[in-house]
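Commentary on secondary and tertiary structure
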Amino acid sequence: MPQVTLTVNGKAASVEVEGRTLLVEVLRDKLGLTGTHVGCDTSQCGACVVHVDGKAIKSCTTLAWQVDGSTVTTIEGLAAADGTLHPMQEAFREYHALQCGFCTPGMVMSAIDLVTTHPDGLTEQQIRDGLEGNICRCTGYHNIVKAIAAAWPVMHGRGTLAAAAE
Ligand code: FES
Ligand code: FES
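Fair warning: this is a prediction, and the values are worked out from it, not measured in the lab.

Next up on the list: the packing of helix H3 (residues 104-116) against helix H5 (residues 142-155). Direction vectors running N to C along H3 and H5 enclose 45°, while the axes themselves pass 10 Å from each other. Between H3 and H5, the crossing angle belongs to the class labelled oblique. The two elements H3 and H5 cross, and the hand of that crossing is right-handed. Of the residues in H5, those touching H3 at Met107, Ala111, Ile112, Val115 and Thr116 are Ile144, Ile148, Trp152 and Met155. Of the residues in the contact of H3 with H5, the class split is eight nonpolar, one polar and no charged.

So, on to the domain arrangement of the protein. What the domain assignment lists for the protein is domain 1 (3-77) and domain 2 (87-165). Summarising the inter-unit geometry, the C-alpha centres of domain 1 and domain 2 are found 22 Å apart. Each partner contributes to the interface: domain 1 provides 18 residues, whereas domain 2 provides 15 residues. Among the salt bridges present, the one from aspartate 113 reaches lysine 55, with a minimum N-O distance of 3.6 Å. Only strand E3 (49-52) and strand E4 (55-58) provide two or more residues apiece to the side of domain 1 that touches domain 2. For the side of domain 1 that touches domain 2, a count of residues per class yields seven nonpolar, nine polar and two charged.

A few words now on the side chain of threonine 21. In this fold, threonine 21 is placed in the loop between strand E2 (11-16) and helix H1 (23-30). Non-local contacts of threonine 21, meaning those with residues more than four positions away in its chain, are made with Val26, Thr62, Leu63 and Ala64.

Looking now at the pattern of salt bridges. Once their charged atoms are close, side chains differing in charge can pair, the charge on each being opposite to the other. With the rule as written, the count across this model stands at four salt bridges. Of the charged contacts in the structure, one is a salt bridge between glutamate 124 and arginine 128, with a shortest N-O distance of 2.9 Å. You can see glutamate 124 and its partner arginine 128 sitting in helix H4 (residues 124-130), four residues apart, about one turn around the helix.

All right, on to unusual backbone geometry then. Leaving glycine aside, a negative phi is the common case for residues, and trans is the common case for peptide bonds. The backbone phi angle of asparagine 9 is positive, close to 50°, even though this residue is not glycine. If you trace the backbone, asparagine 9 turns up in the loop between strand E1 (3-8) and E2. Among the residues examined, asparagine 9 registers a relative accessible area of 26% and is labelled partly exposed. The phi torsion at histidine 96 lies on the positive side, around 50°, for a residue other than glycine.

Going residue by residue along E3, you find Val49 and His51 tucked away on one face and Val50 and Val52 tucked away on the opposite face as well. Bridge count for E3 against E4 is four bridges, and the pairing is antiparallel. Opposite histidine 51, over in E4, you have alanine 56 as the bridge partner. Joining the antiparallel neighbours E3 and E4 is a turn of two residues, in which aspartate 53 adopts a positive phi near 50°. Here two bridges tie E3 to strand E5 (residues 71-73), and the two strands are oriented antiparallel to one another. Residue pairing in the sheet places valine 52 in a bridge with valine 72 of E5.

This part takes up the packing of helix H2 (residues 87-94) against H3. Across the interface, H2 lies against H3 with an axial gap of 10 Å and an inter-helix angle of 120°. Considering the angle they form, H2 stands oblique to H3. Here H2 and H3 pass one another in a crossing that is right-handed. Two secondary-structure elements touch here, H2 through Met88, Gln89 and Phe92 and H3 through Thr104, Met107, Val108, Ala111, Ile112 and Val115.

The rules behind the values
- Residues numbered from 1 in each chain as written.
- Chains lettered and ligands numbered in written order.
- Predicted model: local features only at pLDDT ≥ 70, side-chain atom pairs only at ≥ 80, totals over all residues.
- Heavy atoms only, no water.
- Axes fitted to C-alpha atoms, helices over the stretch in contact; angles between N-to-C directions.
- Helix = DSSP H or I, 4+ residues; strand = E, 2+ residues; numbered from the N terminus.
- Parallel < 35°, antiparallel > 145°, perpendicular 65-115°, else oblique.
- Left-handed = near helix turned anticlockwise from the far one by under 90°.
- Contact = heavy atoms within 4.5 Å.
- Nonpolar A, V, L, I, M, F, W, Y, C, P; charged D, E, K, R; others polar.
- Domains from an automatic or database assignment.
- Salt bridge = Lys/Arg side-chain N within 4 Å of Asp/Glu carboxyl O.
- Buried < 20%, exposed > 50% of the residue type's maximum accessible area, 1.4 Å probe, protein only.
- Pairing = 2+ DSSP bridges.

Here it is as structure tokens:
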């Protein structure tokens, strides 16, 4: 079987795949990174979003061989080695942006991409539009939107989460 080589959360990984093997299957089944979820079979829910070479993608509709040689970051790779959460994770916690948590890994990965790609600012409408590919069945989205808005200044070095919450 063909071999695919990836860097996943900073570690080299080489796995055997079939032509039909999905990236999410590699992450969950071969590498044990079960923080990336599968919530649908129609590429709609976004629970499976990870970063490939810094861009958010749906790993349920990406074939493993398509990303051979890429750098992949999953929700497990966001926190620092000492356990310090990524600012987006911290914002989700601070603003109660999750309930059951099933959508949260994909939400956080999409939100980071959204903030990163909007260095000049992010309106509430842009956040809501940017989350179009992520479905949450619990929260009603309001706190997710607030968390992303609060993480924006932190991620761009323009403020703290505490200041954003005031
Ligand atoms: S699992 Fe639903 S979009 Fe990927
Ligand atoms: S927190 Fe339950 S699906 Fe989003």
